[in-house]
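Overview (structure and organization)
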Amino acid sequence: MVVDNFTSVKGWAGSNLYSEGGVIRVGAASNPGYLKTPRMDAVGAVSVSFKTKLYRETDTDVVLTVSVKDADDNVVSSKDIVPASEFVECVIDAELDGAFYVEFSTSSSSERPF
């Protein structure tokens, strides 16, 4: 799947990503997955907002980890999100001083949020 077809900024990357109804699904029944933004630059307070929901309402114990990482792959800010059956807007805040990217990841094979 070409992630850049779903974004206005090119350079996104990931693993075990699927196109589902015009959105990106992270992970599958047999494989966890991740999605990460291209590197960006910022100094000061940054808020990253996005929408997420469960892949299926029957999925349970789903956790999506969202991490803001610096240029050296150190976690600057991280948040575990439990998606719901409907799209919910989420925000993660970070204090940055240069290059960073955001990574969205699932941690077990049963977790398949959008």
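Residue indices begin from 1 for each chain and proceed along its sequence in written order. It should be noted that, the model being predicted, local features are given only for residues of pLDDT at least 70 and side-chain atom pairs only at 80 or more, the latter also being counted only at that level, while totals for whole chains, interfaces and linings use all residues. Excluding hydrogens and water, the side-chain figures rest on all heavy atoms present in the structure.

**As for the pairing of strand 6 (residues 64–70)**
Accessible area is worked out with a 1.4 Å probe on protein chains only. A residue is then buried under 20% of its type maximum, exposed over 50%, and partly exposed in between. Only DSSP runs of H or I covering at least 4 residues are called helices, and only runs of E covering at least 2 are called strands; the numbering of each starts at the N terminus. Burial runs high along strand 6: six of the seven residues are buried. Being paired, for any two strands, means DSSP has found at least two bridges between them. Linking two consecutive strands that pair antiparallel, namely strand 6 and strand 7 (residues 75–81), is a turn of four residues; a positive phi of about 70 degrees is found at Asp-73 within it.

**Brief notes about the pattern of salt bridges**
One side-chain nitrogen of Lys or Arg within 4 Å of one carboxyl oxygen of Asp or Glu is enough to make a salt bridge. Taken as a whole, this structure holds two salt bridges when the rule is applied. Measuring nitrogen to oxygen at the nearest pair gives 3.7 Å for the salt bridge that ties Asp-73 to Arg-39. On the criterion of sequence distance, the pair formed by Asp-73 in the loop between strand 6 and strand 7 and Arg-39 in the loop between strand 4 (34–36) and strand 5 (40–52) is long-range, its members being 34 residues apart. With a relative accessible area of 43%, Asp-73 lands in the partly exposed category.

**Points about the packing of aromatic side chains**
A pair of Phe, Tyr and Trp rings is counted when the ring centres sit within 6.5 Å of each other, with Trp represented by its six-membered ring. The angle between the planes then sorts it: under 30 degrees is stacked, over 60 is edge-to-face, the rest tilted. Taken as a whole and assessed by the stated rule, the structure comprises one aromatic pair. When the centroid spacing of 5.1 Å and the interplanar angle of 80 degrees are considered together, the rings of Phe-50 and Phe-104 count as edge-to-face. Residue Phe-50 is found in strand 5, and its partner Phe-104 is found in strand 8 (residues 88–106); the two are separated by 54 residues along the sequence. Across this residue pair, the class does not change: Phe-50 and Phe-104 are buried. Here the guanidinium or amino end of Lys-36 rests over the ring plane of Tyr-101, the centre of that ring lying 5.1 Å away. Criterion for a charge above a ring: Arg CZ or Lys NZ at most 6 Å from the ring centre, at most 35 degrees from the ring normal.

**Observations regarding the environment of Trp-12**
By the element assignment, Trp-12 lies in the segment before strand 1 (13–15). Spatially, the C-alpha atom of Trp-12 lies 19 Å from that of Cys-90, the residues being 78 residues apart in sequence. Every residue pair with non-hydrogen atoms within 4.5 Å of one another is taken to be in contact. Those residues in contact with Trp-12 that lie beyond four places of it in its chain are Val-3, Asp-4, Thr-7, Leu-35, Lys-36, Thr-37, Pro-38 and Phe-104. Here a polar contact is taken to be a pair of N or O atoms separated by no more than 3.5 Å, where protein atoms must pair a possible hydrogen donor with a possible acceptor and residues adjacent in sequence count only if both atoms sit in side chains. A distance of 3.2 Å separates the side chain of Trp-12 from the backbone oxygen of Val-9, its partner in a polar contact.

**Some details on unusual backbone geometry**
At Asn-16, a residue that is not glycine, the phi angle is positive and equals roughly 55 degrees. Position of Asn-16 relative to the elements: it lies in the loop between strand 1 and strand 2 (17–20). With relative accessibility at 24%, the residue Asn-16 sits in the partly exposed group. Despite not being glycine, Asp-73 has its phi angle at roughly 70 degrees, a positive value.

**Focus: the side chain of Glu-103**
Mapped onto the secondary structure, Glu-103 falls in strand 8. Overall, the relative accessible area of 16% leaves Glu-103 in the buried class. A distance of 3.1 Å separates the side chain of Glu-103 from the side chain of Lys-69, its partner in a polar contact. With residues near it in sequence (within four places) discarded, Glu-103 still touches Tyr-34, Leu-35, Lys-36, Thr-65, Val-66, Ser-67 and Lys-69.

**Considering the environment of Ala-94**
If you trace the backbone, Ala-94 turns up in strand 8. For Ala-94, a relative accessible area of 9% corresponds to the buried category. Placed 61 residues apart in sequence, Ala-94 and Gly-33 show a C-alpha to C-alpha distance of 23 Å. Leave out the neighbours within four places in its chain, and Ala-94 touches Gly-44, Ala-45, Val-46, Val-68, Val-76 and Ser-77.

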